[in-house]
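# Structural overview
Spelled out, the chains give:
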Amino acid sequence: MKVCRRETFNSAHRLFREDWSDEKNLEVFGKCSYPNFHGHNYILEVWVEGEIDPETGFVIDLKELKHIILGSVIERFDHRNLNLDCPEFKGINPTTENIARVIWNILREQLDHKFGIEVQLSETEKNKVFFNGN
Ligand code: NI
């Protein structure tokens, strides 16, 4: 059984490689490589897989999951510049893929290992990545 909590956050980023020219960065990363950063409205879905607890009828208390996500992920990244403010992305391009992996690692430390975790992250309405640890 899987249950999901959806949250949103807004962050600025820039995708680029220092060892590439501006032209090559623009070619590969498009507008996301513009030097002065820009923002996205990220949509985060955290899916938790486990057994239904016979006592509560829950896989996980979604209120508890909400508090974990807000405290450990949203507080950390909302209204931040991922490149400049967040050491998690030092030397790592803050692509949707890498952000999803960072969030998964944070949540893996917070949630009981009896649960499977999948992070789904959208940077735009048209793109979405999934990460479950593999
Ligand atoms: Ni971007």
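Here, the structure is the one placed above.
Since this is a predicted model, take the numbers as computed values, not measurements.

As a further point, take the pattern of salt bridges. Summed over the entire model, instances satisfying the criterion amount to five salt bridges. In this structure, lysine 128 engages glutamate 45 in a salt bridge whose closest nitrogen and oxygen atoms are separated by 3.8 Å. Placement of the pair is lysine 128 in strand S5 (residues 127-131) and glutamate 45 in strand S2 (residues 38-49), with a sequence separation of 83 residues. Here lysine 128 falls in the partly exposed class, since its relative accessible area comes to 40%. By relative accessible area, glutamate 45 is classed as buried at 15%.

Further remarks concern the coordination of the nickel ion. Every protein donor of the nickel ion is listed here as His13 (NE2), Cys32 (SG), His38 (NE2) and His40 (NE2), and their distances to the metal cover 2.0 to 2.1 Å. Viewed at the metal, the four donor atoms of the nickel ion are separated by angles of 96 to 130°, and the geometry they form is tetrahedral. Read N to C, the donor residues that coordinate the nickel ion are spaced as H-x18-C-x5-H-x1-H. Judged by its relative accessible area of 13%, cysteine 32 falls in the buried class.

Overall, the coordinates contain zero disulfides when judged by the stated rule. The thiol of cysteine 86 is unpaired, and the distance to the nearest cysteine sulfur, on cysteine 32, comes to 16 Å. On the basis of relative accessible area, cysteine 86 is assigned to the buried category, the value being 3%.

This part is about the packing of aromatic side chains. Taken as a whole and judged by the stated rule, the model has five aromatic pairs. Aromatic pair tryptophan 104 and phenylalanine 131: ring centres 5.6 Å apart, planes at 80°, arrangement edge-to-face. A residue pair is termed long-range when its members are at least 10 positions apart, and tryptophan 104 in helix H4 (residues 96-110) and phenylalanine 131 in strand S5 qualify at 27 residues. Judged by its relative accessible area of 16%, phenylalanine 131 is buried. Members of the aromatic cluster, connected to one another through ring pairs, are Phe9, Tyr42, Phe77 and Phe89. Lysine 24 extends its terminal NZ or CZ atom over the ring of tryptophan 20, reaching a point 4.3 Å from the ring centre.

Empty space left among the atoms is revealed by rolling a probe the size of a water molecule over them. Roughly 330 Å³ of volume is contained in the largest pocket. Phe16, Phe89, Gly91, Ile92 and Asn93 are the residues nearest the centre of the largest pocket, which is lined by 13 residues in total. Partitioned by chemical class, the residues of the lining of the largest pocket number six nonpolar, three polar and four charged.

Turning to the sheet that holds strand S3 (residues 80-81), a few remarks are in order. Here five strands make up an open sheet; going across it, the order is S3-S1-S2-S4-S5 and the pairing mixed. Strand pairing shows two members of the sheet lacking a second neighbour, S3 and S5, which therefore form its edges. Contacts from helix H2 (residues 62-77) reach strand S1 (2-13), S2 and S3, with the element oriented near 15° to S1. Here H4 sits on the sheet in contact with S1, S2, strand S4 (116-124) and S5, set at roughly 145° to S4.

Calculation notes
Residues numbered from 1 in each chain as written. Predicted model: local features only at pLDDT ≥ 70, side-chain atom pairs only at ≥ 80, totals over all residues. Heavy atoms only, no water. Salt bridge = Lys/Arg side-chain N within 4 Å of Asp/Glu carboxyl O. Helix = DSSP H or I, 4+ residues; strand = E, 2+ residues; numbered from the N terminus. Buried < 20%, exposed > 50% of the residue type's maximum accessible area, 1.4 Å probe, protein only. Donors = N, O, S within 2.8 Å, 3.2 Å for Na, K, Ca; no water. Tetrahedral: all angles 85-135°; square planar, octahedral: opposite > 155°, others 65-115°. Disulfide = S-S within 2.5 Å. Phe/Tyr/Trp six-rings, centres within 6.5 Å; stacked < 30°, edge-to-face > 60°. Lys NZ or Arg CZ within 6 Å of the ring centre and 35° of its normal. 1 Å grid on protein atoms, 1.4 Å probe; cavity = no way out; pocket = protein on both sides within 12 Å on 5 of 7 lines; lining within 4 Å. Points joined across faces, edges and corners; volume = space filled by probe spheres on them. Nonpolar A, V, L, I, M, F, W, Y, C, P; charged D, E, K, R; others polar. Pairing = 2+ DSSP bridges. Contact = heavy atoms within 4.5 Å. Axes fitted to C-alpha atoms, helices over the stretch in contact; angles between N-to-C directions.

Function cannot be read off these values alone, since they describe shape.
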